[in-house]
Number of protein chains: 2
Amino acid sequence: MEQKNSKSISGFSKLSKDEKIQWIAQHFYENTDEVTKDLKRFWQADEDLQKTIDGFSENTISNFIFPFGVAPNFVINGETYCVPMVIEESSVVAAASSAAKFWFNRGGFKAEIIDTVKIGQVHFTWKGDFEQLQSHFPAIQQQLLDDTSHITANMRKRGGGVLKIELLNMTDSEPDYYQLRVSFETCDSMGANFINSVLEEFGRSLKHFIANCNGIEEKDCTIIMAILSNYTPDCLVRVSVESKIEDLGQFPGMDAVTFAQKFHKAIRIATIDPYRATTHNKGIFNGIDAVVLATANDFRAIEANGHTYAARDGQYRSLSSCSIEDGTFRFWMDIPLTVGTVGGLTKLHPLAKRSLEMLGHPSARELMGIIAAVGLAQNFAAVRSLVTTGIQKGHMKMHLMNVLNHLSANEEEIEAATIHFECHHISFSSVRDFLDAKRKEKVLHS
Amino acid sequence: MEQKNSKSISGFSKLSKDEKIQWIAQHFYENTDEVTKDLKRFWQADEDLQKTIDGFSENTISNFIFPFGVAPNFVINGETYCVPMVIEESSVVAAASSAAKFWFNRGGFKAEIIDTVKIGQVHFTWKGDFEQLQSHFPAIQQQLLDDTSHITANMRKRGGGVLKIELLNMTDSEPDYYQLRVSFETCDSMGANFINSVLEEFGRSLKHFIANCNGIEEKDCTIIMAILSNYTPDCLVRVSVESKIEDLGQFPGMDAVTFAQKFHKAIRIATIDPYRATTHNKGIFNGIDAVVLATANDFRAIEANGHTYAARDGQYRSLSSCSIEDGTFRFWMDIPLTVGTVGGLTKLHPLAKRSLEMLGHPSARELMGIIAAVGLAQNFAAVRSLVTTGIQKGHMKMHLMNVLNHLSANEEEIEAATIHFECHHISFSSVRDFLDAKRKEKVLHS
């Protein structure tokens with residue numbers, strides 16, 4: 001291996017896993033042996049399994065672990081689910097579970113699939129007469145569908161495929177720029193590979209058609225790129241809860257009416273103020289992403305989709321809405337979600353497979369409803385905390401336990417710390433100092 | 001434990017980990033024993049370590065593993081880094097590594113911190129005369145700062161704290177609604193707990209001030225909520241690369257000038273079309289989130305922040321920009337990033353700690369630059385693929401290997417499949433069918 005400086009390397013990807021670790025441990029750490037051991041302790045004993053995990057990505061040297069938890073008692077469209085969640089942030093699973101239970105006795109969540117249309121685009125530049133292109137568009141469409149029939153055959157058998165091909169003239173925004181916007185149905189798969197394969201073939205096919213069509217004078221068309229869009233406003237699920245206000249019960253420091261009004265106000269604020277909307281929606285994605293991760297779906301796709309949707313009217317706003325009418329509290333959200341329950345890593349990741357089993361082998365449509373319900377539950381729990389006790393009480397208690405665990409506090413110390421930090425500020429250093437003092441005291445007295 | 005129906009439960013969180021698994025395995029799976037074994041095989045042998053991981057979240061029953069990889073050869077501001085990345089999507093680490101190497105020989109990435117201001121808000125309703133509130137605002141500010149001095153003491157020692165408190169009259173958008181918008185500097189910590197603790201105290205303090213101030217007639221103010229904002233347009237990093245076009249080299253099927261022009265066009269398209277912008281930015285976050293995960297920062301916060309920023313002018317647009325001037329190709333991005341290198345899970349997660357060590361114990365500012373550079377690298381690699389070969393060739397090759405691994409293909413079978421699928425469509429079923437045929441053939445001939 002050639003080295004350009006002590007910290008750079010050529011041919012790294014071709015090294016074995018052991019060699020990779022060795023090079024990293026030698027060049028980026030002082031305690032080479034300890035680091036090597038530490039990176040290897042997370043390897044799976046089962047070599048086949050480890051090979052599968054390594055194959056998901058590249059240059060892999062270890063496994064990064066996240067807690068895999070569950071939120072039971074989720075009632076969605078009358079079915080009861082125990083929902084798998086993968087997340088590193090404390091309070092998220094507890095909040096989802098708590099909201100699930102709250103709504104368990106109030107009819108649960110309703111989820112309704114509005115539509116499941118996925119989107120892809122072929123972007124191209126061309127200097128010809130648009131009317132010529134437009135007049136041949138029916139023939140072009142037929143050609144594109146014919147040329148991709150071998151790719152779409154299986155998907156068509158499952159009830160999916162290409163739904164619509166639109167030709168968009170974008171030259172008002174950018175010279176010579178046109179677009180094919182293509183709608184797809186991909187059934188239970190997320191469909192990224194399917195859509196991209198079709199679109200790339202569409203690109204080649206379109207270029208060929210234009211070059212060989214007698215009625216189109218300008219023969220030279222440049223395909224800039226062909227790829228799915230992660231923005232799918234028509235792959236949308238609506239999820240909602242509702243209750244008579246009097247059935248909402250009591251809340252810390254306030255009755256149901258006051259709670260409903262404060263909650264309603266909080267949603268209004270997240271609708272009008274982008275600074276609040278960002279955090280509000282972030283909370284929704286705390287719930288959503290935890291299920292997306294647990295089912296090995298793609299959280300970057302889900303995030304980009306949802307946030308673009310939140311900005312669709314020209315201002316970034318809350319994804320969830322609330323109404324109080326005739327004594328009924330209603331809380332709901334429309335959110336675009338593109339997920340798969342077959343294909344991708346869903347079968348390949350051993351725990352993602354278990355997650356889907358835990359959910360009863362849902363269809364993609366059913367999973368959309370489950371994920372949206374967890375997002376709405378998370379949002380309900382977060383806003384409920386915010387407008388009643390505030391979130392810090394719960395958060396800091398969690399943080400205290402994390403730090404105490406990390407500092408290997410024993411039961412006696414945990415008890416003392418819990419009492420002490422009821423009325424003292426919690427930080428890593430304040431907890432460490434408290435424990436140090438306790439331990440010194442104990443040594444002195446022993 | 002009381003059971004409302006066979007799939008619901010009370011007191012679940014109080015069960016032991018073994019009891020939790022038992023209940024889930026019995027109620028949501030047919031193969032109870034196998035599932036129990038499978039969930040436990042991901043537990044860490046080191047009990048203290050497992051306890052730490054369990055403590056991050058709630059209702060934990062297992063660990064979810066992601067491949068932990070690295071992208072070497074990242075030159076940022078003259079320093080060479082090997083960047084840890086955690087991601088389940090194939091090609092992301094390979095793309096980042098490839099882009100890092102491409103720019104390694106062309107001066108690397110430049111990262112510049114524009115500012116590091118974090119934001120928090122106290123939202124309240126009040127029915128009084130705004131001028132009275134405004135005229136007392138200097139005194140209110142002093143009171144808020146005094147009342148939180150015990151919380152801010154440590155942060156102030158480190159050079160951070162409360163920078164600014166603004167009183168915003170939001171009654172034009174919503175009746176009786178006002179806001180304190182507070183700016184913070186949180187140094188090397190992400191600062192969520194710090195900011196939230198200060199804001200909740202601000203809320204109590206404000207309510208108390210209004211209730212007891214002689215010059216303010218309306219005594220009753222309702223604190224709706226007090227919490228940080230994840231939208232921080234002034235916690236911003238700019239990252240860039242540049243090269244003379246002639247130094248860009250050759251690309252598959254095109255020279256450097258054609259490449260630069262197509263690349264530039266692709267960025268323009270992502271700037272004007274939200275459908276493309278969503279996917280374009282999703283690619284940026286593929287890189288960003290992988291480092292955010294590896295350093296145990298909060299990717300939901302990072303995503304919400306960046307996407308809101310992408311929509312700041314009223315249309316959702318590309319985060320990255322490109323220019324070609326005087327023969328120079330320049331590619332850059334401004335992106336808000338709130339990350340910590342102390343506090344939170346950064347010390348508590350054993351591999352996050354190793355990630356930060358691998359990066360040379362960066363400050364939060366340095367980590368902002370590293371993360372932004374990986375995002376830009378990812379974007380460069382993705383767009384480079386899109387405008388040259390298309391992305392499917394690489395993706396499908398990866399997918400083929402994943403499926404072959406999953407189906408335990410041997411070396412001979414892998415070789416045969418690689419040749420066969422050069423010119424056949426790759427899907428899980430087509431690969432399985434190919435292998436089945438090969439294996440039957442072999443049995444027949446043996």
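Residues numbered from 1 in each chain as written. Chains lettered and ligands numbered in written order. Predicted model: local features only at pLDDT ≥ 70, side-chain atom pairs only at ≥ 80, totals over all residues. Heavy atoms only, no water.

## A few points about the overall build of chain A
Within chain A, the secondary structure is distributed over 16 helices and 10 strands. If you line up chain A on its principal axes, its C-alpha atoms span 100 × 75 × 40 Å. Put simply, of all contacts in chain A between residues at least 6 apart along the chain, 70% involve residues at least 24 apart. Summed over its atoms, the accessible surface of chain A is roughly 17200 Å², and 48% of this surface lies on carbon and sulfur atoms. Put simply, chain A has 45 plus and 55 minus side-chain charges, and the middle of one group is 3 Å from the middle of the other. (Helix = DSSP H or I, 4+ residues; strand = E, 2+ residues; numbered from the N terminus. Contact = heavy atoms within 4.5 Å. Areas by Shrake-Rupley, 256 points an atom, 1.4 Å probe, with all protein chains shown as cover. Lys, Arg positive; Asp, Glu negative; His and termini not counted. Charge placed at Lys NZ, Arg CZ, Asp CG, Glu CD.)

## Here we look at the sheet that holds strand β7 (residues 221-229) of chain B
All names here are of chain B. Strand order in this open sheet of four strands is β5-β6-β4-β7, and the pairing throughout is antiparallel. The open sheet is flanked by β5 (161-169) and β7, the only strands paired with a single partner. The sheet shows a mean angle of 15 degrees between the axes of neighbouring strands, taken without regard to direction. Relative to strand β6 (residues 177-185), β5 is paired through eight bridges, and the arrangement is antiparallel. From the neighbouring strand, glycine 161 faces β6, where its bridge partner is glutamate 185. (Pairing = 2+ DSSP bridges. Axes fitted to C-alpha atoms, helices over the stretch in contact; angles between N-to-C directions.)

## Observations regarding the sheet that holds strand β4 (residues 118-126) of chain A
Strand order across the open sheet formed by four strands is β5-β6-β4-β7 (chain A), with antiparallel pairing between neighbours. Each having just a single partner strand, β5 (161-169) and β7 (221-229) of chain A make up the two edges of the open sheet. Each strand axis lies, on average, 15 degrees off the axis of its neighbour in the sheet, ignoring direction. Sitting on the sheet, helix α9 (residues 256-272) of chain B is in contact with β4, β6 (177-185) and β7 of chain A, with an inclination near 45 degrees to β7 of chain A.

## Points about the side chain of threonine 278 of chain B
Relative to the helices and strands, threonine 278 of chain B resides in helix α10 (residues 274-294). Looking at threonine 278 of chain B, its side chain comes within polar contact range of the side chain of threonine 308 of chain A, at 3.0 Å. Once residues within four sequence positions are removed from consideration, threonine 278 of chain B is found in contact with Asn230, Tyr231, Ala304, Asn305 and Thr308 of chain A together with Tyr316 of chain B. (Polar contact = N/O pair within 3.5 Å; in protein donor to acceptor, adjacent residues only side chain to side chain.)

## Structural notes on the environment of arginine 158 of chain B
When you line up the elements, arginine 158 of chain B lands in the loop between α7 (149-157) and β5. With near-sequence residues (within four places) excluded, arginine 158 of chain B lies in contact with Thr186, Cys187, Asp188, Ser189 and Val342 of chain B.

## A look at α7 of chain B
Residues and elements named next belong to chain B. When we look at burial in α7, the residues that qualify are Ile151, Thr152 and Met155. Down the axis of α7, the sector holding all buried residues measures 75 degrees, keeping them to one side. Pointing more than 90 degrees away from the buried face of α7 are the exposed residues His150 and Lys157. On its buried face, α7 is in contact with β5, β6 and α8 (192-212). Positioned one or two residues after α7, glycine 159 has a phi angle of 100 degrees, which is positive. (Buried < 20%, exposed > 50% of the residue type's maximum accessible area, 1.4 Å probe, protein only. Arc of directions from axis to C-beta.)

## Section: the confidence of the model for chain A
Low-pLDDT portions of the prediction should not be read for the details of their coordinates. Residues at a pLDDT of 70 or more form 99% of chain A, whose mean pLDDT is 94. For this predicted complex, the interface confidence reaches an ipTM of 0.93, while the overall pTM sits at 0.93. (pLDDT = per-residue confidence, 0-100.)

## A short note on the relation of the copies chain B and chain A
Rotating chain B by 180 degrees and translating it 0.0 Å along the rotation axis places it on chain A, where the RMSD comes to 0.0 Å. One copy is carried onto the other by what is essentially a two-fold rotation axis. Comparing contact sets, 99% of the residues at the interface of chain B also lie at the interface in chain A, consistent with an isologous, same-surface contact. (Least-squares fit on C-alpha atoms with pLDDT ≥ 70 in both.)

## Regarding the domain arrangement of chain A
Once the domains are mapped, chain A shows domain 1 (1-65), domain 2 (70-113 + 238-389), domain 3 (118-229) and domain 4 (394-444). Between the C-alpha centres of domain 1 of chain A and domain 4 of chain A the distance comes to 36 Å. (Domains from an automatic or database assignment.)

## Overview of the nonpolar core
Phe74 of chain A together with Phe74 of chain B are the most contacted members of the largest nonpolar core, which totals 288 residues. Those residues in contact with phenylalanine 74 of chain A that sit more than four places away from it in its chain are Glu79, Thr80, Tyr81, Val83, Ala96, Ala100, Phe109, Ala373, Val374 and Ala377 of chain A. (Core = buried A, V, L, I, M, F, W, Y, C linked by side-chain atoms within 4.5 Å.)

## Notes on the interface of chain B and chain A
Each partner contributes to the interface: chain B provides 145 residues, whereas chain A provides 144 residues. Summed over both partners, the interface of chain B with chain A comes to about 13100 Å²; 60% of that surface belongs to carbon and sulfur atoms. Considering only the side of chain B, the residues that lose the most area to chain A are Phe64, Tyr275 and Arg300 of chain B, jointly responsible for 7% of the buried surface there. Counting the contacts that link chain B with chain A gives 18 salt bridges. Taken together, chain B and chain A are joined by 60 residue pairs in polar contact (both at pLDDT 80 or more). When residues of the side of chain B that touches chain A are assigned to their parent elements, the largest contribution, 13 residues, is made by strand β1 (residues 60-76) of chain B. Partitioned by chemical class, the residues of the side of chain B that touches chain A number 66 nonpolar, 52 polar and 27 charged. As judged from the nine bridges shared by strand β1 (residues 60-76) of chain A and β1 of chain B, these two strands associate in the antiparallel manner. Paired with phenylalanine 66 of chain A across the bridge in β1 of chain B is phenylalanine 64 of chain B. (Buried area = accessible area lost by both parts, 1.4 Å probe. Salt bridge = Lys/Arg side-chain N within 4 Å of Asp/Glu carboxyl O. Nonpolar A, V, L, I, M, F, W, Y, C, P; charged D, E, K, R; others polar.)

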